[in-house]
Amino acid sequence: MEIMRVLDDLVCSRRIGGLQAASLRLLQNQAGDRQVATDPVGAPVGKWVFTTTGSAARVAMPDPRVMTDLTICGIIDHWVDEAADAA
Amino acid sequence: MEIMRVLDDLVCSRRIGGLQAASLRLLQNQAGDRQVATDPVGAPVGKWVFTTTGSAARVAMPDPRVMTDLTICGIIDHWVDEAADAA
Amino acid sequence: MEIMRVLDDLVCSRRIGGLQAASLRLLQNQAGDRQVATDPVGAPVGKWVFTTTGSAARVAMPDPRVMTDLTICGIIDHWVDEAADAA
Amino acid sequence: MEIMRVLDDLVCSRRIGGLQAASLRLLQNQAGDRQVATDPVGAPVGKWVFTTTGSAARVAMPDPRVMTDLTICGIIDHWVDEAADAA
Amino acid sequence: MEIMRVLDDLVCSRRIGGLQAASLRLLQNQAGDRQVATDPVGAPVGKWVFTTTGSAARVAMPDPRVMTDLTICGIIDHWVDEAADAA
């Protein structure tokens, strides 16, 4: 599961029906790329989260019929930078 | 879901039957790579869109039997560059 | 669906039974990496094609039981470089 | 299956129910990126492990209903650097 | 299907049951990254092979219940470098 940061909500008026009313969030990964994820946990802007991809992204939604390939799974409490230093 | 920009329609006379009559679009991702996507929303050239991959790309089509691994899911209303600056 | 170029046939005497008698092609992607794909359309050497990955690669074969994760889906008629310039 | 190193446990108070009580580990891949994995083998910090992605990550869990896309599959006994030199 | 080279066997005493008694090989891809694959064809060290990922990796095994996301599918007889030059 990839570690990303919440940048903003995604403003998107025209979208396919398969997304239903799912909340969409604009995320940024560690390489700086921006991606769009469905958010069942209500992650605040600025927080680090971890996300799941593929078919697991649909299973992670309260309704697994929501069409997505990236879902926020949890909010990271604090960023363990000392772990990276020890690597 | 990845954020990409619509470059053009894709001209392709010989293609497999599994694609049926799906509209094909030429997209460019944030790294500058060009990819081909099926388009159920009718995204105009030049617009930013977000796309879904894998088995979700098929579920996102009106007919899930269409053979694709990249489908346009929505058109982004405005590009939130100030969000990137705050990251 | 990724855009690649056909380099050659792949010579391979020992391979698993799941590939059956599928035609194998050596492709090169936009980053210069070489990959192996099953080819149900008979793409000529030197042509640009677009390919599908994952479970869609199997659905794209005439026999979906063929074991593959990359299949050629269509031949691109002409390469729209002016589209990239406009991006 | 990708080769990664165990950095730390992941501290995460708010997470989706689909993860159940699965142990979460912070890993680092060969490119230096950090990822989050479920760990059914109890890999110690500092060890090299190999991981599986996609739907295989769920099958690799004792309970395949656990929502994950990255699972530790085994601990590498010793790192064969001489193999890389011979490449 | 990606093209990789066989570096060595993988020594791994503690691994999950889902891998059963599958032979594990240490491979190196064209970018130099090392990965772990299941090997149903018995590829010799030093040989170039092509591999399949995702759910196809399981279908490619004699027993599709073996938990893997990377399987060797065939041994390349000779490396067509002249094809790359013509690209």
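Note that the coordinates shown come from a computational prediction; the quantities given were computed from them, not determined experimentally.

1. Let's talk about the state of the cysteines
Part 1: Per the counting criterion, the structure on display carries zero disulfides over all chains.
Part 2: We note that Cys12(D) lacks a disulfide partner, and the nearest cysteine sulfur, in Cys73(A), lies 9.1 Å from it.
Part 3: The buried category is assigned to Cys12(D), whose relative accessible area is 15%.

2. What about the relation of the copies chain D and chain A?
Part 1: Here chain D sits on chain A after a turn of 72° about the axis and a move of 0.0 Å along it, with an RMSD of 0.0 Å. The transformation relating the two chain copies, once decomposed into turn and shift, fits a five-fold axis. The position closest to the rotation axis in chain D is occupied by the C-alpha of Gly54(D), lying 5.4 Å away.
Part 2: Of the residues that chain D buries at the interface, just 4% are likewise interface residues in chain A, meaning the two copies contact each other through different surfaces.

3. As for the pairing of strand β3 (residues 24-29) of chain B
All names here are of chain B.
Part 1: The element β3 is extensively covered by neighbouring structure, given that six of its six residues are classed as buried.
Part 2: A two-sided burial pattern is seen for β3, the buried positions comprising Leu 24, Leu 26 and Gln 28 on one face and Arg 25, Leu 27 and Asn 29 on the other.
Part 3: Alignment of strand β1 (residues 2-9) against β3, held across five bridges, turns out to be antiparallel. Its bridge partner being in β3, Asp 8 is matched across the sheet by Leu 26.
Part 4: The pairing of β3 with strand β4 (residues 34-38) spans five bridges and is classified as antiparallel. Within β4, the position partnered with Leu 24 by the bridge is Thr 38.
Part 5: Here β3 folds back onto β4 in antiparallel fashion, the turn holding four residues, of which Gly 32 has a positive phi close to 95°.

4. Quick notes on the interface of chain D and chain A
Part 1: Listed per partner, the contact involves 26 residues of chain D and 29 residues of chain A.
Part 2: Summing both partners gives a buried area of about 2,200 Å² for chain D against chain A, and 59% of it is carried by carbon and sulfur.
Part 3: The largest per-residue losses of area from chain D upon contact with chain A belong to Arg14(D), Arg34(D) and Asp69(D), which jointly make up 29% of the total buried on that side.
Part 4: Along the contact surface separating chain D from chain A lie zero salt bridges.
Part 5: Summed over the shared surface of chain D and chain A, the number is nine residue pairs in polar contact (both at pLDDT 80 or more).
Part 6: Going through the elements one at a time, β1 (2-9), β2 (14-15), β3 (24-29), β4 (34-38) and α1 (55-59) of chain D are the ones with two or more residues in the side of chain D that touches chain A.
Part 7: The leading source of residues in the side of chain D that touches chain A is β4(D), at five residues.
Part 8: Partitioned by chemical class, the residues of the side of chain D that touches chain A number 12 nonpolar, six polar and eight charged.
Part 9: Bridging between strand β6 (residues 70-75) of chain A and β2(D) involves two bridges; their strand directions are antiparallel.

Parameters at a glance
- Residues numbered from 1 in each chain as written.
- Chains lettered and ligands numbered in written order.
- Predicted model: local features only at pLDDT ≥ 70, side-chain atom pairs only at ≥ 80, totals over all residues.
- Heavy atoms only, no water.
- Disulfide = S-S within 2.5 Å.
- Buried < 20%, exposed > 50% of the residue type's maximum accessible area, 1.4 Å probe, protein only.
- Least-squares fit on C-alpha atoms with pLDDT ≥ 70 in both.
- Contact = heavy atoms within 4.5 Å.
- Helix = DSSP H or I, 4+ residues; strand = E, 2+ residues; numbered from the N terminus.
- Pairing = 2+ DSSP bridges.
- Buried area = accessible area lost by both parts, 1.4 Å probe.
- Salt bridge = Lys/Arg side-chain N within 4 Å of Asp/Glu carboxyl O.
- Polar contact = N/O pair within 3.5 Å; in protein donor to acceptor, adjacent residues only side chain to side chain.
- Nonpolar A, V, L, I, M, F, W, Y, C, P; charged D, E, K, R; others polar.

Any functional reading would require information that these geometric values do not contain.
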